[in-house]
Amino acid sequence: MARSGLADAARVARWADSALGPGRGSATADGKATLSDATADHAARELGLTGAKVRADWDTARLAGLVEVHGDTARPGWRLRAWNRDDSAVLRGWVALFDAWSLAHPEPAEEHAVVAEVVSAMPQVLSFLQLSAGPVPVAQLLDLLEQRVTELRTERCEVPYGPRLEPGTPQAPPPPEVTADTPLAPLLEWALHALASVGALTCGDGHATLTPLGSWAVWVKLEQICVAAQSPAGNIEQSAEGMLRGCAQLRPNAARAEYRAWLAARPVGSAVAELLAAARGEDALLRGLAFEALRVVGAPAEPDVSGVVDEPTLRPYALLWLAEHDGADPEDAHEVLTRREATWLWVDTAAAVADHGEAPLLVRHLESAVQPTVPALLDEVRAVGHPRTVQVLVALAAAHPDPALARAVRRAAFQVHTGGS
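Being a predicted model, the structure only gives us computed values, none of them experimental. (Residues numbered from 1 in each chain as written. Predicted model: local features only at pLDDT ≥ 70, side-chain atom pairs only at ≥ 80, totals over all residues. Heavy atoms only, no water.)

1. Observations regarding the packing of aromatic side chains
Going by this rule: Pairing of aromatic rings covers Phe, Tyr and Trp, the last counted by its six-membered ring, and requires centre-to-centre distances within 6.5 Å; plane angles under 30 degrees mean stacked, over 60 mean edge-to-face, and any other angle means tilted. What counts as a helix is a DSSP run of H or I of at least four residues, what counts as a strand is a run of E of at least two, and both are numbered from the N terminus. Exposure is judged per residue with a 1.4 Å probe applied to protein chains only, and the accessible area is read against the type maximum: over 50% gives exposed, under 20% gives buried, and values in between give partly exposed.
Scanning the model with the defined rule gives three aromatic pairs in all. Residues Trp94 and Phe98 carry aromatic rings whose centres are separated by 5.5 Å and whose planes lie at 20 degrees to one another, so their mutual orientation is stacked. Pair noted here: Trp94 and Phe98 are both in helix α6 (residues 87-99), with a separation of four residues, about one helical turn. By relative accessible area, which is 2% here, Trp94 ends up buried.

2. Thoughts on the sheet that holds strand β3 (residues 136-137)
Quick note on the threshold: DSSP bridges decide pairing: two strands pair if at least two such bridges lie between them.
Pairing in this open sheet of three strands is antiparallel, and the strands run β3-β5-β4 from one edge to the other. Two strands bound the open sheet, and with one partner strand each, they are β3 and β4 (201-204). Across two bridges, β3 lies against strand β5 (residues 207-210) in antiparallel orientation. Considered in β5, the bridge of Pro137 is made with His207.

3. Considerations on the pattern of salt bridges
To keep it simple, the criterion reads: Salt bridge, as used here, is a side-chain nitrogen of Lys or Arg placed within 4 Å of a carboxyl oxygen of Asp or Glu.
Counted under the stated rule, the structure contains 17 salt bridges. Notably, a salt bridge pairs Arg11 with Asp8, separated by 3.9 Å at the nearest N-O pair. Of this pair, Arg11 and Asp8 both sit in helix α2 (residues 7-19), three residues apart, which is roughly one turn of the helix. Connected through shared salt-bridge partners, Asp8, Arg11, Lys53 and Asp57 make up one network.

4. Description of unusual backbone geometry
A positive phi angle, close to 55 degrees, is found at Ala133, a residue other than glycine. With phi around 55 degrees, Asp205 is a residue other than glycine that occupies positive phi space. Here Asp205 shows up in the loop between β4 and β5.

5. Observations concerning the layout of surface pockets
Our working definition: As defined here, a cavity is a set of points on a 1 Å grid over the protein atoms alone where a 1.4 Å probe fits but cannot get out. A pocket is an open set with protein on both sides within 12 Å along at least five of seven lines, and residues line them when an atom is within 4 Å of a point. Grid points are joined across faces, edges and corners, and a volume is the space filled by probe spheres set on the points. Ten residues, namely Ala, Val, Leu, Ile, Met, Phe, Trp, Tyr, Cys and Pro, are considered nonpolar, four, namely Asp, Glu, Lys and Arg, are considered charged, and the remaining ones, Gly among them, are considered polar.
Roughly 830 Å³ of volume is contained in the largest pocket. If you go around the largest pocket, you meet 28 residues; those closest to its centre are Tyr317, Leu320, Leu345, Thr349 and His365. Mapped by element, the contributors of at least two residues to the lining of the largest pocket are α14 (284-297), α16 (315-325), α17 (339-356) and α18 (359-365). Of the residues belonging to the lining of the largest pocket, the class tally is 17 nonpolar, eight polar and three charged.

6. Some thoughts on the packing of α2 against helix α3 (residues 37-47)
Rule in force here: In this analysis, axes come from line fits to C-alpha atoms, helices being fitted only over the stretch in contact, and the angle between any two N-to-C directions falls in the range 0 to 180 degrees. Just so you know how the angles are binned, under 35 degrees is roughly parallel, over 145 roughly antiparallel, 65 to 115 roughly perpendicular, and the rest oblique. Two helices that cross are described as forming a left-handed crossing if the nearer one is turned anticlockwise from the farther one by less than a right angle, and a right-handed crossing if clockwise. Two residues qualify as a contact provided that any one of their heavy atoms is within 4.5 Å of a heavy atom in the partner residue.
In contact at an axis separation of 11 Å, α2 and α3 are set at 110 degrees when each is read in the N-to-C sense. The angle between the axes of α2 and α3 places the two elements in the roughly perpendicular class. Of the two elements, α2 crosses α3, and the hand of that crossing is right-handed. Contacts from Arg11, Val12 and Trp15 in α2 reach Thr39, His42, Ala43, Glu46 and Leu47 in α3.

7. Focus on helix α13 (residues 268-279)
To keep things clear, this is the line we draw: What a helix is expected to span follows from its residue count: subtract one and scale by 1.5 Å.
In this model α13 runs 16 Å from its N-terminal to its C-terminal C-alpha over twelve residues, within 8% of the 16 Å that 1.5 Å per residue would give. Summarising the contacts, the buried residues of α13 are in contact with α11 (240-247), α12 (252-264), α14 and α15 (302-306).

8. Side note on the pairing of β4
Pairing analysis gives four bridges linking β4 to β5, with the strands arranged antiparallel. Across the sheet, Gly204 pairs through a bridge with His207, a residue of β5. What sits between the antiparallel neighbours β4 and β5 is a turn of two residues, in which Asp205 has the positive phi angle 55 degrees.

Here is the structure:
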């Protein structure tokens, strides 16, 4: 539905890409991304449309991110580039259009403050339509809108603005109320018409009904609000790296709640790509946390995780993730790793502990090695070629309470540093 609803806008965007590129023509004449008359007539002739239709489709393309205007030059947005190969890009374009519904239809000539109140109140109206799962009388929606606008005005009056004055200080009279008597029925009609123009609902016979696409969009928005409300650490707006760093000190359950909140606010594809990019960095702690977040993603992440198994830095993590995804017990998943991969992972995890943990944790990390003895571990650690081997061994030697073992570990660090055996 999103693809068919945006098809006309995509056609105009493709025309603009071919006809209005650098050196080929100007898109606008006013610097505001509005099609000039000459350009609109040009497009209408070539596409067999009316000038009004071209302008409408152009505006839709801009709101959906299918075309971008810089100065007087138009260029395709990334969603147009991905149109034929990525359904999520098309869906994101429609959601962008849905979010901009109040710009899709000319604003009524009413007080701007009242229009803003109606726009702020419409999410509750849309939620009611979504929960009703069918036609709702417009009169009932008007009652709901009036109630919500009244609530907004009451809330606004309860917030004190400006400096607090001492008792007895003369105060300026409040500004006259210019919005209270504005009828909301015409504004509701405008809002419903604008939402219908973007494909979110239909109107007829005094009733409004969400389309399946509109119902889905409202459900997604509600779900995101609910999930984000479960994000007390407030990492939802961070980059993947920032979010992972924010989760580093959280308990596992709290961290998973943060991962879910962060993921709910992003398309799966871009979120997975961002997590893998963070995992490729130098911080081993972020590498481990990134794959914990990918476990929350689940099946949609499988193609991308499979695609990184040949990257040495990510391979052990990816193999464990895939094994667990295929049903292996997390306690037994390490069996999919070769001895060398397991040793590399041990060093990488030790690097994370050395950078972010406490000395006793690094000492206890020795117990997780697959090698039966410390000398065997040191031999294989030296051979595995991890870039943090020296730092890990130096930190382990400094932390270990056994002087003899600490000397052996320090000697191994020196041999790795000098290239000796």
